[in-house]
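In case you want the letters, here they are:
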Amino acid sequence: MWIFGYGSLIWKVGFPYEERRVGFIDGWARRFWQDSTDHRGVPEAPGRVVTLVAEAGARTWGTAYRIAAPDRDRILERLDHRESGGYERHVVTVRDLDGPITDEALIYIGTAGNPNWGGPLPMDEIARVIARAEGPSGANIDYLMNLHASLTALDVQDEHVDELVELVRRLRYP
């Protein structure tokens, strides 16, 4: 079984895996449109974390993890708990530049209408939320910066993430 990570699963896996591959999914764009009331914010002051939105021509890079069959149920139980803030399981095809990695990777997506859907806001508003929010898993800014650093280490540019990093830096260090 394969699991595809496009957010914190890139740098904070939290489960054993047999193989890790850098890859992408087509038709989805990474966006900070999911509120976080359980990890990077609290109910009275939600943070923002990434989800995916369908977008023609978009490509989202991340990491695919192949997990061993005996570990499957335990890992899925942990991931279901970790992603319980409005995320649902979906299955996607993951590729790299040489072709398909797998046609059946599990992915968690927070879709519009879930209880924590924050939706699109002006980028400066999202940046203000990220700059101030903090939750049980730490500061929201750390989530953004870890994601940015992880994508940079994979040699991946993501315009949405890059713009938020720049906006948050300007807020924090005018």
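The rules behind each value
- Residues numbered from 1 in each chain as written.
- Predicted model: local features only at pLDDT ≥ 70, side-chain atom pairs only at ≥ 80, totals over all residues.
- Heavy atoms only, no water.
- Salt bridge = Lys/Arg side-chain N within 4 Å of Asp/Glu carboxyl O.
- Buried < 20%, exposed > 50% of the residue type's maximum accessible area, 1.4 Å probe, protein only.
- Helix = DSSP H or I, 4+ residues; strand = E, 2+ residues; numbered from the N terminus.
- Phe/Tyr/Trp six-rings, centres within 6.5 Å; stacked < 30°, edge-to-face > 60°.
- Lys NZ or Arg CZ within 6 Å of the ring centre and 35° of its normal.
- Core = buried A, V, L, I, M, F, W, Y, C linked by side-chain atoms within 4.5 Å.
- Contact = heavy atoms within 4.5 Å.
- Expected span 1.5 Å × (residues − 1).
- Axes fitted to C-alpha atoms, helices over the stretch in contact; angles between N-to-C directions.
- Left-handed = near helix turned anticlockwise from the far one by under 90°.
- Nonpolar A, V, L, I, M, F, W, Y, C, P; charged D, E, K, R; others polar.

*Asks:* Sorry, what's going on with the pattern of salt bridges here?
*Replies:* A side chain with one charge can pair with a side chain of the opposite charge if their charged atoms come near. Scanning the model with the defined rule gives 14 salt bridges in all. When the shortest N-O distance is used, the salt bridge between Arg 82 and Glu 83 registers 3.8 Å. Taken as a pair, Arg 82 and Glu 83 share a single burial class, namely buried. Put simply, Arg 170 and Glu 166 hold a salt bridge, and the shortest N to O gap is 3.4 Å. Pair noted here: Arg 170 and Glu 166 are both in helix H4 (residues 159–172), with a separation of four residues, about one helical turn. Here Arg 170 falls in the exposed class, since its relative accessible area comes to 51%. What emerges from the salt-bridge pattern is a single network uniting Glu 18, Glu 19, Arg 21, Arg 66 and Asp 96.

*Asks:* Would you mind showing me how to read the packing of aromatic side chains here?
*Replies:* We describe a pair of aromatic rings using the distance from one ring centre to the other and the angle between the two ring planes. Here the structure, examined in full by the defined rule, presents six aromatic pairs. When the centroid spacing of 5.6 Å and the interplanar angle of 80 degrees are considered together, the rings of Phe 15 and Tyr 65 count as edge-to-face. Here Phe 15 is found in the loop between strand E1 (2–5) and strand E2 (19–36), whereas its partner Tyr 65 is found in strand E3 (residues 47–66), with 50 residues between them in sequence. The pair formed by Phe 15 and Tyr 65 is uniform in burial state, with each residue classed as buried. Through a chain of ring-to-ring contacts, three or more aromatic side chains come together here, namely Trp 11, Phe 32 and Tyr 143. Directly above the aromatic system of Phe 24 lies the positively charged group of Arg 59, at a separation of 3.7 Å from the ring centroid.

*Asks:* Looking at this model, I keep getting lost on the nonpolar core. Mind explaining?
*Replies:* Of all hydrophobic cores here, the largest spans 50 residues; its most connected members are Phe 15 and Phe 32. For this core, the element with the highest residue contribution is E3, accounting for seven residues. Beyond its immediate stretch of four places on either side in the chain, Phe 15 contacts Ile 3, Leu 9, Tyr 65, Ile 67, Ile 75, Arg 78 and Leu 79.

*Asks:* Honestly, unusual backbone geometry in this entry has me stumped. Any pointers?
*Replies:* What is expected of a backbone is that most residues other than glycine have negative phi and most peptide bonds are trans. Its identity is not glycine, yet Asp 155 carries a phi of approximately 65 degrees, on the positive side. On the basis of relative accessibility, which here comes to 73%, the residue Asp 155 falls in the exposed class.

*Asks:* Before we go on, may I ask you to explain the environment of Val 92 in this structure?
*Replies:* Within the fold, Val 92 resides in strand E4 (residues 87–96). Assessed through its relative accessible area of 8%, Val 92 is described here as buried. Each C-alpha atom of the pair Val 92 and Val 50 lies 17 Å from the other, and the pair is 42 residues apart in sequence.

*Asks:* How should I be thinking about helix H3 (residues 140–153) in this particular structure?
*Replies:* Residue pairs spaced three or four apart in an α-helix point in one direction, given the helix's 3.6 residues per turn. Here H3 is 14 residues long and its end C-alpha atoms lie 20 Å apart, about the 20 Å a rise of 1.5 Å per residue gives. Where H3 is buried, its residues contact E2, E3, helix H2 (123–132), strand E6 (134–135), strand E7 (138–139) and H4. Immediately beyond the C-terminal end of H3, within one or two residues, lies Asp 155, with a positive phi of roughly 65 degrees.

*Asks:* Just to check I follow, could you spell out the packing of H2 against H4 for this structure?
*Replies:* Packed helix pairs are characterised by how far apart their axes lie and by the angle those axes make with each other. Relative orientation of the contacting elements H2 and H4 amounts to 60 degrees, with a least axis distance of 9 Å. Of the two elements, H2 crosses H4, and the hand of that crossing is right-handed. Taken together, the residues of H4 that come into contact with H2 (itself represented by Met 123, Asp 124, Ile 126, Ala 127, Arg 128, Ile 130 and Ala 131) are His 160, Glu 163, Leu 164, Leu 167, Val 168, Leu 171 and Arg 172. A class-by-class count of the residues in the contact of H2 with H4 yields nine nonpolar, one polar and four charged.

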